[in-house]
Amino acid sequence: MTLPSSGQLSLGDIANEFGFTDGSSTKLGDYRTTNGQGNFPVSFGALQFNSIDAQSGGSVPTSGQIKISDFRSTRLQQVVNFYGSGKGGSRLVAKDRYNANSSGDVNVVGNYRTRPNNSSGTKVHIHVNQQIGSEKTRVEHCALRTGSWDSSTTLQVDVGGSGRIGGAGGDGGRGSDGPGEAIEGGSGTSGLGIQYNPTTVNVASGGVITAGFGGGGGGGGAYDTDKEGARTASGGGGGGGAGIPAGAGGGAGINAGVNGGAGSAGSVSEGGTGGNGGNNDGEAVAAAGGTGGEASAAAGDGGTGTGGEGSTYAGAPAGAAGAAIRRNSGFTVNVNIASSGSVNGVQNATTVL
């Protein structure tokens, strides 16, 4: 719990918060340094702490005179590890990692105690400096969710310069089989899901929180008939949307006189291109699939194929983008983005899954 700002404060209160430094007793001066983490400042991934009580601006000195009153209004600092090698992944929940408390999952600044079972009154940093992706299902599905924390926890998500939290890209839609119906592009999913109120989100230079972007729509086919016979052409597949993982390219339509081409897959940051439509002697001209979405451009609809006597065959619509940040309805989320940090997509979508 946060130590009181006024009234009685004892050495025992400080030890109960930050840990005992010498068995069942404690020495106030020990808090000027750490138990095996080195002298301050100390780092966990890309986060630096200048004292046992804060990243910067703390009140507990790291040299010279130290007093019990220096600890007023201080609290235990904890770091949940999504920054170390192998600590990324897909569809992760920060509170689950805290609760599991496997080796290296939670670091307590100062290292004079283990992490408390109840996080109330402490400051928890969810530090991401690896890649975390989502899955291609519902748009509300997030790559990383905070989970629900104990009341009075101060919660902060810190995305480092190598951190990337991203929704999955939607697959491109399939092109039309001749004059048949093209298939719409798949929707992207979402990046960060906030399930605790309030939460602060910090994105360092180079760090990224991004939506997964929609797949391009399948291209329309075409049909023509005249005295020389019937001609058909199939539409091109839509490009896959950018995301983690990226969307697959949509297949071309088939079973036409001239078939189009498949769309290309997206990548982590770029949407794939739509495949060209088939062209049957310039009489039945199918359309290309739409381009997959990315941060700089929404996914494109499939084009319209053209046939004889001015007939047209519509392509399919593109898939929608997910959200960069989702939150439970009514929750407060404060987002701070450093120069060259990025949050791509909407930040105020509700419903977190």
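Scroll up for the structure.
Starting from 1, residues in each chain are numbered consecutively following that chain's sequence as written. For a predicted model such as this one, the threshold for reporting local features is a pLDDT of at least 70, and the threshold for listing and counting side-chain atom pairs is 80 or more; totals across whole chains, interfaces and linings nevertheless cover every residue. The basis for every side-chain value is the complete set of non-hydrogen atoms in the structure, without hydrogens or water.

*Asks:* Explain the packing of aromatic side chains to me, and be specific about the residues and the numbers.
*Replies:* Aromatic pairing here means that ring centres of Phe, Tyr or Trp (its six-membered ring) are within 6.5 Å. Orientation follows from the plane angle: under 30 degrees is stacked, over 60 is edge-to-face, and everything else is tilted. Counted by the stated rule, this structure contains six aromatic pairs. On the basis of an interplanar angle of 55 degrees and a centroid distance of 6.2 Å, the ring pair of Phe18 and Tyr31 is categorised as tilted. Here Phe18, found in helix 1 (residues 11–18), pairs with Tyr31, found in the loop between helix 1 and strand 1 (42–44); they are 13 residues apart in sequence, far enough to count as distant. According to the relative accessible area criterion, Phe18 is buried, its value standing at 0%. Using a 1.4 Å probe on the protein chains alone, a residue whose accessible area is under 20% of its type maximum counts as buried, one over 50% counts as exposed, and one in between counts as partly exposed. Of the residues examined, Tyr31 reaches a relative accessible area of 0% and is grouped as buried. Three or more aromatic residues link up through ring pairs in this structure, and these residues are Phe18, Tyr31, Phe71 and Tyr112. Two conditions define a charge sitting above a ring: the NZ of Lys or the CZ of Arg must be within 6 Å of the ring centre, and it must be within 35 degrees of the ring normal. The ring of Trp149 has Lys95 sitting right over it, with the charged end atom 5.4 Å from the ring centre. Cation over ring: Arg115 sits above Tyr98, and NZ or CZ is 4.7 Å from the ring centre. Secondary structure elements are defined from DSSP: runs of H or I of at least 4 residues count as helices, runs of E of at least 2 residues count as strands, and each element is numbered from the N terminus.

*Asks:* Tell me about the sheet that holds strand 8 (residues 131–133), residues and numbers included.
*Replies:* Strand order in the open sheet formed by five strands is 4-8-11-14-23, and the pairing between neighbours is parallel. Only two strands of the sheet have a single partner each, and these edge strands are strand 4 (89–90) and strand 23 (342–344). For strand 8 and strand 11 (residues 164–166), the ladder comprises two bridges, and the chain directions are parallel. Bridging across to strand 11, Gln131 finds its partner in Arg164. Whether two strands pair comes down to DSSP finding at least two bridges between them.

*Asks:* Account for the environment of Asn117, naming residues and giving values.
*Replies:* Tracing the chain through its elements places Asn117 in the loop between strand 6 (106–108) and strand 7 (123–128). Along the chain, Asn117 and Ser264 lie 147 residues apart, while their C-alpha atoms are 48 Å from each other. Residues count as neighbours in contact if any of their non-hydrogen atoms are within 4.5 Å of one another. When residues no more than four places from it in sequence are discounted, the contact partners of Asn117 are Tyr98 and Asp150. For the purposes of these results, a polar contact is taken to be a pair of N or O atoms within 3.5 Å, where, inside protein, one atom must be able to donate a hydrogen and its partner to accept one; residues adjacent in sequence count only when each atom of the pair is a side-chain atom. Within the structure, Asn117 has its side chain in polar contact with the side chain of Arg115 (distance 2.9 Å).

*Asks:* Describe in detail unusual backbone geometry, supporting the description with residues and values.
*Replies:* Residue Pro198 follows Asn197 across a cis peptide bond; omega there is -5 degrees. The residue Pro198 is located in the loop between strand 12 (190–194) and strand 13 (199–203) in this model. In this model, Ile244 is joined to Pro245 through a cis peptide bond whose omega is -5 degrees. Relative to the helices and strands, Pro245 is located in the loop between strand 16 (229–233) and strand 17 (279–280). You will see that Ser73, though not glycine, has its phi angle at about 65 degrees, which is positive. On the secondary structure map, Ser73 appears in the loop between strand 2 (47–49) and strand 3 (77–82). The phi torsion at Asn111 lies on the positive side, around 65 degrees, for a residue other than glycine.

*Asks:* Describe the side chain of Asp70, naming the residues involved and giving the relevant values.
*Replies:* Tracing the backbone through its elements, the reader meets Asp70 in the loop between strand 2 and strand 3. Asp70 gets classed as buried once you look at its relative accessible area, which sits at 12%. Within polar-contact distance, the side chain of Asp70 engages the backbone nitrogen of Lys67 at 2.8 Å. Beyond its immediate chain neighbours, meaning those up to four positions away, Asp70 contacts Ser59, Val60, Pro61 and Gln65.

*Asks:* Explain the sheet that holds strand 5 (residues 92–93) to me, and be specific about the residues and the numbers.
*Replies:* If you trace the five strands from one edge of the open sheet to the other, you get 5-9-12-21-24, paired in parallel fashion. Each edge of the sheet is formed by a strand with only one pairing partner; in this case those strands are strand 5 and strand 24 (349–350). Bridging between strand 12 and strand 21 (residues 325–327) involves three bridges; their strand directions are parallel. Bridge pairing in strand 21 links Gly193 to Arg326.

*Asks:* An account of the pattern of salt bridges is needed here, citing residue identities and associated values.
*Replies:* Think of a salt bridge as a Lys or Arg side-chain nitrogen and an Asp or Glu carboxyl oxygen that are within 4 Å of each other. Applying the stated criterion across every chain yields a total of nine salt bridges. A salt bridge links Lys67 to Asp70; the nearest nitrogen and oxygen atoms lie 3.2 Å apart. Lys67 sits in the partly exposed class, given a relative accessible area of 37%. The closest approach of N and O atoms between Asp281 and Arg231, which form a salt bridge, is 3.6 Å. Here Asp281 is found in the loop between strand 17 and strand 18 (284–285), whereas its partner Arg231 is found in strand 16, with 50 residues between them in sequence.

*Asks:* Describe the nonpolar core, with residues and values.
*Replies:* As used here, the term nonpolar core means buried Ala, Val, Leu, Ile, Met, Phe, Trp, Tyr and Cys residues forming a set that is joined through side-chain atoms within 4.5 Å. The biggest cluster of nonpolar side chains holds 27 residues, and the ones touching the most others in it are Phe82, Ile126, Leu144, Trp149, Leu192 and Ile209. Only strand 3, helix 2 (94–100), strand 7, strand 9 (142–145), strand 10 (154–159), strand 12 and strand 13 provide two or more residues apiece to this core. The contact partners of Ile209, leaving out residues within four places of it in the chain, are Val159, Ile165, Leu192, Val201, Val203, Ala324, Ile325, Ser342, Val343 and Asn344. By size, the runner-up hydrophobic cluster in this structure holds 22 residues, among which are Leu28, Tyr31, Phe40 and Leu76.

*Asks:* Outline the environment of Gly206, listing residues and values.
*Replies:* Its place among the elements puts Gly206 in the loop between strand 13 and strand 14 (208–210). Overall, the relative accessible area of 37% leaves Gly206 in the partly exposed class. Along the primary structure Gly206 and Ala222 are separated by 16 residues, whereas in three dimensions their C-alpha atoms are 46 Å apart. When near neighbours in sequence (up to four residues on either side) are disregarded, Gly206 contacts Gly161, Gly163, Ser340 and Gly341.

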